[in-house]
Amino acid sequence: MSTTLPRIAIVIPCYNEEEALPITAPRILQLLDRMSADGLVALDSFVMCSNDGSRDRTWQTIERLHAEDPRIKGISLAHNRGHQYALMAGLMAVRDMCDAAISIDADLQDDPEAIIRMVEEFRRGKEIVYGVRSSRATDTWFKRTTAHAFYSLQHHMGLDTVYDHADYRLLSARALDLLSEYGESNLFLRGIIPQIGLDTAIVTYERHERVAGESKYPLGKMLSFSIDGITSFSSKPIRIIFIVGLILLLIDIAVAIWVFASYFSHRTISGWTSLIISIWFLGSLTLMAIGIVGEYVGKIYTEVKHRPRYAIRDRIL
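Throughout what follows, the structure given in this document is the object of discussion. (Residues numbered from 1 in each chain as written. Predicted model: local features only at pLDDT ≥ 70, side-chain atom pairs only at ≥ 80, totals over all residues. Heavy atoms only, no water.)

Overview of unusual backbone geometry
Residues other than glycine predominantly adopt negative phi, and peptide bonds predominantly adopt the trans conformation.
Turning to step 1, where the next piece is worked out: If you check the backbone angles, N16 has positive phi at about 55° while not being a glycine.
Turning to step 2, where the next piece is worked out: Topologically, N16 is positioned in the loop between strand 1 (8-14) and helix 1 (21-37).
Turning to step 3, where the next piece is worked out: The class of N16 is partly exposed, set by a relative accessible area of 24%.
Turning to step 4, where the next piece is worked out: Backbone geometry at L108 places phi at a positive 60°, although glycine is not the residue there.
Turning to step 5, where the next piece is worked out: With respect to the helices and strands, L108 occurs in the loop between strand 4 (100-103) and helix 4 (114-123).
Turning to step 6, where the next piece is worked out: Exposure remark for L108: the relative accessible area of 2% places this residue in the buried category. (Helix = DSSP H or I, 4+ residues; strand = E, 2+ residues; numbered from the N terminus. Buried < 20%, exposed > 50% of the residue type's maximum accessible area, 1.4 Å probe, protein only.)

Quick notes on the packing of helix 1 against helix 4
Turning to step 1, where the next piece is worked out: Between helix 1 and helix 4, the least distance of the axes is 10 Å, while the angle of their chain directions is 45°. The orientation of helix 1 with respect to helix 4, classified from their angle, is oblique. The element helix 1 and its partner helix 4 pack so that their crossing is right-handed. When helix 1 is examined against helix 4, the residues I28, L31, R34 and M35 are found in contact with a partner set consisting of I115, I116 and V119.
Turning to step 2, where the next piece is worked out: Among the residues forming the contact of helix 1 with helix 4, the class breakdown is 6 nonpolar, no polar and 1 charged. (Axes fitted to C-alpha atoms, helices over the stretch in contact; angles between N-to-C directions. Parallel < 35°, antiparallel > 145°, perpendicular 65-115°, else oblique. Left-handed = near helix turned anticlockwise from the far one by under 90°. Contact = heavy atoms within 4.5 Å. Nonpolar A, V, L, I, M, F, W, Y, C, P; charged D, E, K, R; others polar.)

Here's the deal with the nonpolar core
Turning to step 1, where the next piece is worked out: Membership of the largest hydrophobic core comes to 37 residues, with the highest contact counts inside it found for I10, V47, I102, I115 and V119.
Turning to step 2, where the next piece is worked out: Those elements giving two or more residues to this core turn out to be strand 1, helix 1, strand 2 (46-51), helix 2 (58-68), strand 4, helix 4, strand 6 (165-172) and strand 7 (200-205).
Turning to step 3, where the next piece is worked out: Top element by residues in this core is helix 1. It accounts for 7 residues.
Turning to step 4, where the next piece is worked out: The contact partners of V119, leaving out residues within four places of it in the chain, are I8, M35, L40, V41, I102 and L170.
Turning to step 5, where the next piece is worked out: Residues A9, A86, A89 and A101 belong to the second largest nonpolar core, which totals 32 residues. (Core = buried A, V, L, I, M, F, W, Y, C linked by side-chain atoms within 4.5 Å.)

Geometric values such as these leave the question of function open.
And the structure:
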């Protein structure tokens, strides 16, 4: 275990969190004070709030918290770009300011006490430490089922992700440097970070209710996030289209043989129902295939322009 006390940065992506931050920031600072007193982290460890173009008074709240305690720092994106971009902006902002960064959401559903064990694993030499939920007993049946289906789908599509892990993790300074080399515009950090490699560990925790405010990830956003993750890291959906097309071709050949056999044996019967069903089925399949291919084309279109992923409007350091 390293004898030098590491400087830790706690990165909190924020979108419309003016209600949660006044609760979250002091609690994180108290945790850092305890860890510092126990000889786990350096006294100058700090919190970095990454404001994702919030529409409420989140940025003004960050400014007030900084005035009360300079260990609260912040950056503000010029406009709303999404959770992954705000998180990436925060991680890149602290890259040269810390020995390790820990990302946690402002709602504190992820238990902050797990940070202690993350830092202990880091001091033992682990460079990436994942926070993983120990169970989903507190979730509704629908949320639990859809979450398990999402992780299963990711696995079958070839994504290397950590089961029941969101974006609660520790990254060493070297891991942050390696992360900065991933330049894609379509960010899915849960898929990118496992590709970094390095020595990893897992810390489990119980998930809690939000301390304040409302969820920023309703079903629609979660579904969009899932699609982005799969299409950003796997080409299997396109291969599935080819396989389905090949299967349908074989079925078409069998049907054609049956049709010709019926024709030459004078047993042809007009089949309006089967014709309509076939047209609707193949039409739906065609539209779905075009949509999947279009998703990939759209990502290519975004990537080749090499536009900045975000713009930082204000900083408080």
